[in-house]
Amino acid sequence: MNGIHDMGGMDGFGRVEPEESEPVFHGAWEGKVMAASRAMGAIGAWNIDQGRYGIEQLAPQRYLTSYYHRWLARCEWALVEYGYADADEIAAGRSLRPGKAAPRGRFTLANLDRIGNRGSYARPSSAPARFALGDRVRAKNINPKGHTRLPRYVRGHLGTVERLHGCQVFPDSAAAGEGDNPQWLYTVRFDGRDLWGADADPTLRVSVEAFEPYLEPA
Amino acid sequence: MAAMTDHHHHHHHHHDHDHGEASDLSETELRVRALQTILVEKGYADPAALDAIVETYETKIGPHIGARIVARAWTDPAFRAALLSDAAKASAPFGHDGKVGDHLVAVENTPERHNMVVCTLCSCYPWDVLGLPPVWYKSFAYRSRAVKEPRAVLREFGVSLPEQSEIRIWDSTAEVRYMVLPMRPAGTEGWSEERLAALVTRDSMIGTGLPHEPSGDRP
């Protein structure tokens, strides 16, 4: 979806303001939201793409709050969307009826190791890769209403295949609950002037990770 | 200003009525308490396990992991080659519990090329080797501008690169995660890995900073 989340190249957000000696969390509630979210992911309540799509669907004015405010809103939404709680329970702040069995059970100290590092998104391929290193490709001009990971700022532009990452879970399908639908994944590099025009920084090169369905031969 | 990215600065203009910062925070805290209560009462998560997730990211997983990887790469050419060819595999011994997730890629800075990592669509970040991202990495300013005017962004970090250096931006749009292998500072010949690791800043592994220069005597 062409949402507020797709920010590459936008103007108007001001300066980047690094914070000296920044704490991991700015308030205990942020850590609690992070933990709740990660735990629900670890028990398989929703996948990472469904989680991202949940954030993208927040109204722009809610999106434009803070990172953990978005995570909180997403978590409340996803609990209801995927049947792990009802809206009246979110409003009441407590459970009013029994929970639903999650694909990987309950999150306990025994499965803390699922949190410390990421799993693999690699999947076996069902067809050979369509593109090879060095190929010129065009990012398709697509504007799906659902979740996609092809940012607007590269759509329609020519780039070069720089890396091949094997076949991986296709977010557009996984977010829609349609399974992994593995697709070849490429790093595609663009020239800054192709993306931003003739007066762009001539030393700039930008790459995105692009799944094969996002690309067509140049 | 960063007001829109940081709730702590979000309500400065609301002194006169009861939607000020304190009530906003307590409302948020109430929602968070409700969320946690529902997870626990419905049996989705043990409270001790939720606390342990927070503790893991506060005390165990952070940029010190990445700094050790960089210091090893600076001192061991075979490790450097292994890191650049398969960072997930090479980094695993440095990771929490001896693992890092798949699809980690290390990209090397050279005098000709400076690498910088961003996620324009959300805030993807190499958690396994750098911990949780700082607020600026998640900010709308960084996400919007890094792919278009990285030199201006770098100046806001106090970094100025040679005009002819290529600036290579890696937008993390899938599950591949990037860390930057910065250049080893001059004047550190013969230094131990531990001493070198202390020069490696978090920002230097994202590409918005450079490693600390060695202080004191330089050749």
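Residues numbered from 1 in each chain as written. Chains lettered and ligands numbered in written order. Predicted model: local features only at pLDDT ≥ 70, side-chain atom pairs only at ≥ 80, totals over all residues. Heavy atoms only, no water.

Description of the overall build of chain B
Then, in step 1: Helix and strand counts for chain B come out as 11 helices and four strands.
Then, in step 2: When burial is assessed residue by residue, chain B has 60% of its 219 residues classed as buried.
Then, in step 3: Surface accessibility of chain B: about 9100 Å² in total, with carbon and sulfur atoms responsible for 52%. (Helix = DSSP H or I, 4+ residues; strand = E, 2+ residues; numbered from the N terminus. Buried < 20%, exposed > 50% of the residue type's maximum accessible area, 1.4 Å probe, protein only. Areas by Shrake-Rupley, 256 points an atom, 1.4 Å probe, with all protein chains shown as cover.)

Quick look at the overall build of chain A
Then, in step 1: Along its length, chain A carries eight helices and five strands.
Then, in step 2: Reading chain A from its N end, one meets helices and strands in the order α-α-α-α-α-α-β-β-α-β-α-β-β.
Then, in step 3: In terms of its C-alpha atoms, chain A occupies a principal-axis envelope of roughly 60 × 45 × 35 Å.
Then, in step 4: Evaluated residue by residue, chain A yields a buried proportion of 52% over its 218 residues.
Then, in step 5: For chain A, long-range pairs separated by at least 24 residues make up 65% of all intrachain contacts whose partners lie at least 6 apart in sequence.
Then, in step 6: Element-wise, carbon and sulfur atoms account for 50% of the exposed surface of chain A, whose accessible area totals about 9300 Å².
Then, in step 7: Here chain A holds 27 positive side-chain charges and 27 negative ones, and the gap between their average locations is 4 Å. (Contact = heavy atoms within 4.5 Å. Lys, Arg positive; Asp, Glu negative; His and termini not counted. Charge placed at Lys NZ, Arg CZ, Asp CG, Glu CD.)

Quick look at the side chain of B:Arg145
Then, in step 1: Within the secondary structure layout, B:Arg145 lies in helix H8 (residues 140-145).
Then, in step 2: For B:Arg145, a relative accessible area of 9% translates into the label buried.
Then, in step 3: Here B:Glu149 takes part through its side chain, which lies 2.8 Å from a polar atom of the side chain of B:Arg145.
Then, in step 4: If near-sequence neighbours (up to four positions away) are discounted, B:Arg145 is found in contact with A:Met10, A:Gly14, A:Arg15, A:Val16, B:Pro150, B:Ala152, B:Val153 and B:Glu156. (Polar contact = N/O pair within 3.5 Å; in protein donor to acceptor, adjacent residues only side chain to side chain.)

Some words on the nonpolar core
Then, in step 1: Within the largest apolar cluster, 123 residues are counted, with the highest numbers of intra-cluster contacts made by A:Met34, A:Met40, A:Tyr68, A:Phe107, B:Ile53, B:Leu83 and B:Tyr142.
Then, in step 2: In terms of residues, this core owes the most to one element, helix H1 (residues 28-42) of chain A, which gives eight residues.
Then, in step 3: Among residues more than four places away in sequence, those in contact with B:Ile53 are A:Met34, A:Ala35, A:Arg38, A:Ala39, A:Phe107, A:Leu112 and A:Ile115. (Core = buried A, V, L, I, M, F, W, Y, C linked by side-chain atoms within 4.5 Å.)

A few points about the packing of aromatic side chains
Then, in step 1: Tallied over the full model, the rule gives 23 aromatic pairs over all chains.
Then, in step 2: Judged by centre distance (5.7 Å) and plane angle (70 degrees), the ring pair of A:Phe131 and A:Tyr186 falls under edge-to-face. In this pair, A:Phe131 sits in the loop between helix H6 (113-116) and strand S1 (136-139) while A:Tyr186 sits in strand S3 (residues 183-191), placing the two residues 55 residues apart along the sequence. You'll find A:Phe131 and A:Tyr186 in the same group, each marked buried.
Then, in step 3: A centroid spacing of 4.7 Å and a plane angle of 35 degrees characterise the contact between B:Trp170 and B:Tyr178, whose relative ring orientation is tilted. We note that B:Trp170, like B:Tyr178, is buried.
Then, in step 4: Clustering of aromatic rings is evident, with ring pairs tying together A:Phe25, A:Tyr67, A:Tyr68, A:Trp71, B:Tyr57 and B:Trp127.
Then, in step 5: Sitting above the plane of the A:Tyr63 ring, A:Arg70 keeps its charged end 4.5 Å from the centroid.
Then, in step 6: Across the ring face of B:Phe79, the terminal group of B:Arg72 is positioned such that the distance to the ring centre comes to 5.9 Å. (Phe/Tyr/Trp six-rings, centres within 6.5 Å; stacked < 30°, edge-to-face > 60°. Lys NZ or Arg CZ within 6 Å of the ring centre and 35° of its normal.)

Some points on the domain arrangement of chain A
All names here are of chain A.
Then, in step 1: Entries for chain A in the domain assignment read domain 1 (28-114) and domain 2 (136-217).
Then, in step 2: Of the residues lining the interface, seven residues belong to domain 1; the matching set on domain 2 comes to nine residues.
Then, in step 3: A buried area of about 590 Å², summed over both sides, lies between domain 1 and domain 2, and 46% of it is on carbon and sulfur atoms.
Then, in step 4: Linking domain 1 with domain 2 are zero salt bridges.
Then, in step 5: Classifying every residue of the side of domain 1 that touches domain 2 gives two nonpolar, two polar and three charged. (Domains from an automatic or database assignment. Buried area = accessible area lost by both parts, 1.4 Å probe. Salt bridge = Lys/Arg side-chain N within 4 Å of Asp/Glu carboxyl O. Nonpolar A, V, L, I, M, F, W, Y, C, P; charged D, E, K, R; others polar.)

Some details on the pairing of strand S3 (residues 166-171) of chain B
Then, in step 1: Most of S3(B) sits inside the fold, with five of its six residues counted as buried.
Then, in step 2: With five bridges joining them, strand S4 (residues 204-211) of chain A and S3(B) adopt parallel strand pairing. When the sheet's bridge partners are listed, A:Val208 is paired in S3(B) with B:Asp171.
Then, in step 3: With six bridges joining them, strand S2 (residues 113-118) of chain B and S3(B) adopt parallel strand pairing. Bridge pairing in S3(B) places B:Asn115 opposite B:Arg168. (Pairing = 2+ DSSP bridges.)

So, the interface of chain B and chain A
Interface size is commonly expressed as the accessible surface area that is lost when the partners come together.
Then, in step 1: Contact with chain B, which involves 87 residues of that partner, is made by 93 residues of chain A.
Then, in step 2: For the pair chain B and chain A, the interface holds seven salt bridges.
Then, in step 3: B:Arg31 is paired through a salt bridge with A:Glu76; the nearest N and O atoms lie 2.9 Å apart.
Then, in step 4: Viewed at the interface, chain A and chain B are joined by 42 residue pairs in polar contact (both at pLDDT 80 or more).
Then, in step 5: Looking at the side of chain B that touches chain A, the element that brings in the most residues is helix H1 (residues 21-41) of chain B, giving 13 residues.
Then, in step 6: Looking at the side of chain B that touches chain A, its residues break down into 44 nonpolar, 19 polar and 24 charged.

Things to note about the pairing of strand S2 (residues 158-168) of chain A
Residues and elements named next belong to chain A.
Then, in step 1: For S1 and S2, the ladder comprises three bridges, and the chain directions are antiparallel. Bridging across to S2, Arg-136 finds its partner in Thr-160.
Then, in step 2: The pairing of S2 with S3 spans six bridges and is classified as antiparallel. When the sheet's bridge partners are listed, Arg-163 is paired in S3 with Thr-187.

Some remarks on the domain arrangement of chain B
Then, in step 1: As assigned here, chain B comprises domain 1 (18-59) and domain 2 (62-206).
Then, in step 2: Each of domain 1 of chain B and domain 2 of chain B has a C-alpha centre, and these two points are 31 Å apart.

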